[in-house]
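In case you want the letters, here they are:
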Amino acid sequence: MIYQTFARLYDELFDDDMYQAWADFVQTIVPQPTAILDVAGGAGRLAVLLAQRGYEMTDLDLSPEMLSLAVEHREAAQVDLMLVEGNMLALGDLPKYPVITCFADSLCYLDNFAEFQQALSEIYAHLEDGGHFIFDMMSPYQMDQVYPGYMFNYQDEDHQRAFMWQSFADDDVDHGVIHDLTFFVQSNNGQYDRISEMHFQRSYPREWVLKTLEKLGYQKIQVRADFGKAAVDEHTTRWFFICQK
């Protein structure tokens, strides 16, 4: 399960500006506060920001560790936030929502295109007529040209934690990438504990995604770059989709 061993470390290191940008993007598309299901919402940071802006938020995530952090963020912000442990591949008895979001490239973590299609179908079934599905995903350009060979190292100021991130091409699938994420956390005896996970992501041609959305019945499908601020081109690294049922 993604992030099961270091949910808190990941949550603390994630760029807060990204959540603000996602929140602004959603508010641009849906300016009037309404109910939103945030699929794969993780630790709830985006949901908390939107709740502070008046939206009625539900955070769904597969990881109980992430949802436990969402409880902390909800209490710290003193907002109403519904938390649901669930899988985007089987949304089950959840009601329909006027808006469903899925960000942080969460759809890229699915194993294959069949699962990708299934997730989009589940989301469509739980979206109200006229409602919006807003999501992002990494492009094949990001997977094939940018990520392979990527490295990022971080150490906090008191040297109690260090983080190493390396990315490699996944030769077993098209447009796939493997992320090797490792934390070194100083223990009470001064030694460092090593915590690591391997993450697998993949993308698909934009035409495949558009055809799936159209086949499901979405209308007015838009694909943008830079949180909706720019047109896409062959070097766009992250696509932002805006779809209406």
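Residues numbered from 1 in each chain as written. Predicted model: local features only at pLDDT ≥ 70, side-chain atom pairs only at ≥ 80, totals over all residues. Heavy atoms only, no water.

(A) Seen up close, helix α2 (residues 16-29). In this model, α2 (14 residues) spans 21 Å end to end at C-alpha, consistent with the 20 Å of a helix rising 1.5 Å per residue. By the burial criterion, the buried members of α2 are M18, Y19, W22, A23, F25 and V26. Buried residues of α2 fall within an arc of 160 degrees about the axis and therefore sit on the same side. Facing away from the buried surface of α2 by more than 90 degrees, the exposed residues are D17 and T28. In this structure, the buried side of α2 is in contact with β1 (35-39), α3 (45-52), β4 (97-102), β5 (127-138) and β11 (238-244). (Helix = DSSP H or I, 4+ residues; strand = E, 2+ residues; numbered from the N terminus. Expected span 1.5 Å × (residues − 1). Buried < 20%, exposed > 50% of the residue type's maximum accessible area, 1.4 Å probe, protein only. Arc of directions from axis to C-beta. Contact = heavy atoms within 4.5 Å.)

(B) Representation of the packing of aromatic side chains within the structure. Using the criterion set out here, one finds 21 aromatic pairs in the structure. Summarising the aromatic geometry, the rings of F133 and F135 are spaced 4.6 Å apart at their centres and angled 20 degrees between planes, so their arrangement reads as stacked. For the pair F133 and F135, a shared accessibility class is recorded, and that class is buried. A connected cluster of aromatic rings, assembled from ring pairs, spans Y19, W22, F25, F103, F227 and F240. Seen from the ring of Y124, K245 lies directly overhead, with NZ or CZ sitting 4.4 Å from the centre. (Phe/Tyr/Trp six-rings, centres within 6.5 Å; stacked < 30°, edge-to-face > 60°. Lys NZ or Arg CZ within 6 Å of the ring centre and 35° of its normal.)

(C) Summary view of the domain arrangement of the chain. Taken as a whole, the chain is organised into domain 1 (2-139 + 205-244) and domain 2 (142-202). For domain 1 and domain 2, the distance between their C-alpha centroids amounts to 23 Å. Between domain 1 and domain 2, the residue contacts involve 19 residues of the former and 18 residues of the latter. Taken together, both faces of the contact between domain 1 and domain 2 bury some 1600 Å²; the carbon and sulfur share is 64%. The tally of links from domain 1 across to domain 2 stands at 0 salt bridges. Summed over the shared surface of domain 1 and domain 2, the number is 4 residue pairs in polar contact (both at pLDDT 80 or more). Sorting elements by how many residues they give to the side of domain 1 that touches domain 2 places helix α1 (residues 7-13) first, with 4 residues. A per-class count over the side of domain 1 that touches domain 2 returns 11 nonpolar, 5 polar and 3 charged. (Domains from an automatic or database assignment. Buried area = accessible area lost by both parts, 1.4 Å probe. Salt bridge = Lys/Arg side-chain N within 4 Å of Asp/Glu carboxyl O. Polar contact = N/O pair within 3.5 Å; in protein donor to acceptor, adjacent residues only side chain to side chain. Nonpolar A, V, L, I, M, F, W, Y, C, P; charged D, E, K, R; others polar.)

(D) View of the state of the cysteines. Enumeration over the complete set of coordinates arrives at 0 disulfides. With no disulfide partner, C102 has as its closest neighbouring cysteine sulfur the one in C108, 9.2 Å distant. (Disulfide = S-S within 2.5 Å.)

(E) Quick peek at the UniProt feature "domain: Methyltransferase" (unreviewed entry) in the chain. Within the UniProt annotation, "domain: Methyltransferase" (unreviewed entry) is assigned to residues 36-131. Along residues 36-131 one finds 36% helix and 27% strand; the C-alpha atoms at either end are 10 Å apart. (UniProt positions renumbered as here; feature names shortened; annotations may be inferred.)

(F) Structural context of the layout of surface pockets. Of the volumes computed, that of the second largest pocket is approximately 630 Å³. Secondary-structure elements contributing two or more residues to the lining of the second largest pocket are α1, α6 (140-146), β6 (151-155), β7 (161-169), β8 (176-186) and β9 (192-202). For the lining of the second largest pocket, the element with the highest residue contribution is β8, accounting for 3 residues. Grouping the constituent residues of the lining of the second largest pocket by class yields 17 nonpolar, 4 polar and 3 charged. Split by domain, the lining of the second largest pocket shows at least three residues from each of two domains, domain 1 (2-139 + 205-244) and domain 2 (142-202). (1 Å grid on protein atoms, 1.4 Å probe; cavity = no way out; pocket = protein on both sides within 12 Å on 5 of 7 lines; lining within 4 Å. Points joined across faces, edges and corners; volume = space filled by probe spheres on them.)

(G) Layout of the environment of I178. Along the chain, the position of I178 falls in strand β8. We classify I178 as buried; its relative accessible area is 17%. C-alpha of I178 to C-alpha of Q166: the two residues are 12 residues apart in sequence and 8.3 Å apart in space. Excluding residues within four positions of it along the chain, I178 makes contact with Q166, S167, F168, A169, D170, M198, H199 and F200.

(H) Looking closely at the sheet that holds β8. One open sheet holds the 4 strands; their spatial order is β6-β7-β8-β9, and the pairing between them is antiparallel. Single-partner strands in this sheet number two, and they are β6 and β9. Adjacent strand axes in the sheet meet at a mean angle of 10 degrees when their direction is disregarded. Here β6 runs beside β7; their pairing, made up of 5 bridges, is antiparallel. What sits directly across from Y154, in β7, is F163. (Pairing = 2+ DSSP bridges. Axes fitted to C-alpha atoms, helices over the stretch in contact; angles between N-to-C directions.)

(I) Seen up close, the nonpolar core. In this structure, L107, F116, F133, F135, M137 and F241 are the most contacted members of the largest nonpolar core, which totals 39 residues. At the level of elements, β1, β4, α5 (113-125), β5, α7 (206-216) and β11 are the ones that each hand at least two residues to this core. In terms of residue count, the dominant contributor to this core is α5 (6 residues). With 25 residues, the next largest nonpolar core counts V26, L46, L49 and Y55 among its residues. (Core = buried A, V, L, I, M, F, W, Y, C linked by side-chain atoms within 4.5 Å.)

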